[in-house]
Amino acid sequence: MNERWVFMLPNGLIDGEGRLHREVAVASLTGLEEEMLVGKRRVDNTSLVSLLLSRCVRRAGEISPVPIEAIGGLRKTDRDFLVLKLYAITFGNIIRETVSCPQCGEPVDISFSTEELCQGLLPAGDPEEPGDHMDLETACPECNHGFDIQFDPVTFFLNQLKAGLTLLYREVHTLAYHYHWNEPEILALPREKRHMYI
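Q: Where do I start with the side chain of Glu171 in this structure?
A: Among the structural elements, Glu171 can be located in helix H7 (residues 165–179). Glu171 gets classed as buried once you look at its relative accessible area, which sits at 6%. For Glu171, the side chain forms a polar contact with the side chain of His195, separated by 2.7 Å. The contacts of Glu171, once residues within four sequence positions are left out, are Arg194, His195 and Ile198.

Structural data, given as structure tokens:
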């Protein structure tokens, strides 16, 4: 069975009877979810991440399975929180990126943890919602210019998944060649378990 992690949403899901559900059980992505991105290139990111989360969020409070309509109805704070948690499960807790300094143009390597970003999300009950991105502070090591980086967890996560699609098919080929498993069997494995066999 695919391993699951349990988290508490910053705000939570309200069901049709007005009950609040904050505890969610999340399963890791399998190759099936990763491959799904191939046929969804024209789908907007909001709809695409709702689809991915609906396949990975196995329970919200007493609601199981969790319908995609419920995922789509979550506040952006909760969706960003789930995306960051799913990123940590899939790729690890550290996010790395290279940006250009707006002052001198030199490349700046940045890294930050998903835990720090999750802690920065609004607490439950806050009436305000974040914009389309998070503003992260950094500084250029060459000219010491401080500036903000606009970081969108959803776009970053989906781009990382899409960038790994070629590697996914190479992994399928390698596992099929060595273990004689068929493609559906391999794609049903979570990423971390596939990598254990390679």
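Having seen it, we continue.
Q: Hey, could you run me through the packing of helix H2 (residues 45–56) against helix H4 (residues 76–91) in this one?
A: For the pair H2 and H4, the least separation of the axes is 11 Å and the interaxial angle reads 65°. The crossing of H2 and H4 is left-handed. Between H2, through Thr46, Val49, Ser50, Leu53 and Cys56, and H4, the contact on the second element is made entirely by Arg79, Leu82, Val83 and Leu86. Among the residues making up the contact of H2 with H4, the classes are represented as six nonpolar, two polar and one charged.

Q: Help me out: how do you make sense of the packing of H2 against helix H6 (residues 153–163) in this one?
A: To describe two helices that pack against each other, one gives the angle between their axes and the distance between the axes. Viewed as axis vectors pointing N to C, H2 and H6 meet at an angle of 70°, and their least axial separation amounts to 10 Å. Our classification of the angle between H2 and H6 gives roughly perpendicular. Across the interface between the two elements, Asn45, Leu48, Val49 and Leu52 of H2 pack against Val154, Thr155, Leu158, Leu161 and Lys162 of H6. Along the lines of polarity and charge, the residues of the contact of H2 with H6 split into six nonpolar, two polar and one charged.

Criteria and cut-off values
Residues numbered from 1 in each chain as written. Predicted model: local features only at pLDDT ≥ 70, side-chain atom pairs only at ≥ 80, totals over all residues. Heavy atoms only, no water. Helix = DSSP H or I, 4+ residues; strand = E, 2+ residues; numbered from the N terminus. Buried < 20%, exposed > 50% of the residue type's maximum accessible area, 1.4 Å probe, protein only. Polar contact = N/O pair within 3.5 Å; in protein donor to acceptor, adjacent residues only side chain to side chain. Contact = heavy atoms within 4.5 Å. Axes fitted to C-alpha atoms, helices over the stretch in contact; angles between N-to-C directions. Left-handed = near helix turned anticlockwise from the far one by under 90°. Nonpolar A, V, L, I, M, F, W, Y, C, P; charged D, E, K, R; others polar. Parallel < 35°, antiparallel > 145°, perpendicular 65-115°, else oblique.

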